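Here's the letter readout for the chains.
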Amino acid sequence: KAGVTQTPRYLIKTRGQQVTLSCSPISGHRSVSWYQQTPGQGLQFLFEYFSETQRNKGNFPGRFSGRQFSNSRSEMNVSTLELGDSALYLCASSPQGQGYTFGSGTRLTVV
Amino acid sequence: GIQVEQSPPDLILQEGANSTLRCNFSDSVNNLQWFHQNPWGQLINLFYIPSGTKQNGRLSATTVATERYSLLYISSSQTTDSGVYFCAVRDFGNEKLTFGTGTRLTIIP
């Protein structure tokens, strides 16, 4: 069965722009969560969605937002990009109450 | 929030050696996973192991939930085992994973 698919794989944006990243979970998985990985802060939780509802949000500014569609696909958006937003963004899906499977990630570079 | 500590931070071994990676966590958990991050950044799930022992080929893991630690064993290391290994936990009532800072394993041919 297909894994978690994230698009695009790489992205270069300019400071002040906004960006949208996409994540398609494993078929049947209704929980989708997002993580940011940077060399300085490690892997940090952004938010988690279940059945189109955000259930949990990490400690990130309001510039970071997300949503989940009825088919469980999820998008995250970062507005007014800053240099510090350069990171690997990872999406994970899971069936309720079980382990998480991660996608390949989107590597965002802000210049 | 829950704290996750991994040790050692770095490990350099000769091919064929065995290794043990440790993960300590500060509170009760209902999910613990071990991941291997490949050179392209993807987190590959090795074990979902909130308690007990599991084995998969040369890898095995044990979680002692009552003592709040987990161990990942790698036997007969190969160069392809190189990379960063992460432990991640989810505590009760929380739908998020908290990651440790990882163990960087380097296997020398």
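Just so it is clear, the structure is predicted and the values come from calculations on it, not from any experiment.

1. Considerations on the interface of chain B and chain A
Phase 1: Between chain B and chain A, the residue contacts involve 17 residues of the former and 19 residues of the latter.
Phase 2: For the pair chain B and chain A, the summed buried surface comes to about 1,500 Å²; carbon and sulfur atoms form 49% of the total.
Phase 3: Counting across the chain B and chain A interface gives one salt bridge.
Phase 4: Between Arg55 of chain A and Glu95 of chain B there is a salt bridge, with the nearest N and O atoms lying 3.4 Å from each other.

2. Details of the state of the cysteines
The term disulfide refers to a covalent linkage connecting the sulfur atoms of a pair of cysteines.
Residues and elements named next belong to chain A.
Phase 1: Overall, the coordinates contain two disulfides over all chains when judged by the stated rule.
Phase 2: Between the sulfur atoms of Cys23 and its disulfide mate Cys91 the distance is 1.7 Å. Its torsion about the S-S bond being -60 degrees, the disulfide of Cys23 and Cys91 is classed as left-handed. Remark: Cys91 occurs in strand 9 (residues 87-94) and Cys23 occurs in strand 3 (residues 19-24); sequence separation between them is 68 residues.

3. Examining the layout of surface pockets
Phase 1: If you add up the space inside the largest pocket, you get close to 900 Å³.
Phase 2: Around the largest pocket sit 37 residues that line it, and Gln41, Gly42, Leu43 and Gln44 of chain A together with Gly100 of chain B are the ones nearest its centre.
Phase 3: Listing elements by their share of the lining of the largest pocket, those giving two or more residues are strand 4 (31-38), strand 5 (42-50) and strand 9 of chain A together with strand 9 (83-91), strand 10 (98-99) and strand 11 (103-108) of chain B.
Phase 4: Counting residues per element, the lining of the largest pocket draws most heavily on strand 5 of chain A, which supplies four residues.

4. Some points on unusual backbone geometry
Phase 1: In the segment running from Thr7 of chain A into Pro8 of chain A, the intervening peptide bond is cis, with an omega of -10 degrees.
Phase 2: Following the sequence through the fold, Pro8 of chain A ends up in the loop between strand 1 (5-7) and strand 2 (10-13).
Phase 3: Following Ser7 of chain B, the chain continues into Pro8 of chain B via a peptide bond in cis, with omega recorded as -10 degrees.
Phase 4: Along the chain, Pro8 of chain B falls in the loop between strand 1 (4-7) and strand 2 (10-14).
Phase 5: Even without glycine at this site, Glu52 of chain A takes up a positive phi of about 70 degrees.
Phase 6: Within the element layout of this structure, Glu52 of chain A appears in the loop between strand 5 and strand 6 (53-57).
Phase 7: Residue Glu52 of chain A is classed as partly exposed on the basis of its relative accessible area of 48%.
Phase 8: Phi at Thr80 of chain A is positive, roughly 45 degrees, even though this residue is not glycine.
Phase 9: By secondary structure assignment, the location of Thr80 of chain A is in the loop between strand 8 (74-78) and strand 9.

5. Description of the environment of Gln44 of chain A
Residue and element names in this part refer to chain A.
Phase 1: You can see Gln44 is positioned in strand 5.
Phase 2: Judged by its relative accessible area of 30%, Gln44 falls in the partly exposed class.
Phase 3: With 17 residues separating them along the chain, Gln44 and Pro61 place their C-alpha atoms 13 Å apart.
Phase 4: In this structure Gln44 touches Trp34, Tyr35, Gln36 and Phe60, once residues within four positions along its chain are discounted.

6. A word on the pattern of salt bridges
Phase 1: According to the stated counting rule, one finds eight salt bridges over all chains in the structure shown.
Phase 2: With a closest N to O distance of 3.4 Å, Glu75 of chain A and Arg67 of chain A form a salt bridge.
Phase 3: According to the relative accessible area criterion, Arg67 of chain A is partly exposed, its value standing at 47%.
Phase 4: Look at the salt bridges and you will find they share partners, linking Glu48 and Arg55 of chain A together with Arg90 and Glu95 of chain B into a network.

Criteria and cut-off values
- Residues numbered from 1 in each chain as written.
- Chains lettered and ligands numbered in written order.
- Predicted model: local features only at pLDDT ≥ 70, side-chain atom pairs only at ≥ 80, totals over all residues.
- Heavy atoms only, no water.
- Contact = heavy atoms within 4.5 Å.
- Buried area = accessible area lost by both parts, 1.4 Å probe.
- Salt bridge = Lys/Arg side-chain N within 4 Å of Asp/Glu carboxyl O.
- Disulfide = S-S within 2.5 Å.
- Helix = DSSP H or I, 4+ residues; strand = E, 2+ residues; numbered from the N terminus.
- 1 Å grid on protein atoms, 1.4 Å probe; cavity = no way out; pocket = protein on both sides within 12 Å on 5 of 7 lines; lining within 4 Å.
- Points joined across faces, edges and corners; volume = space filled by probe spheres on them.
- Buried < 20%, exposed > 50% of the residue type's maximum accessible area, 1.4 Å probe, protein only.

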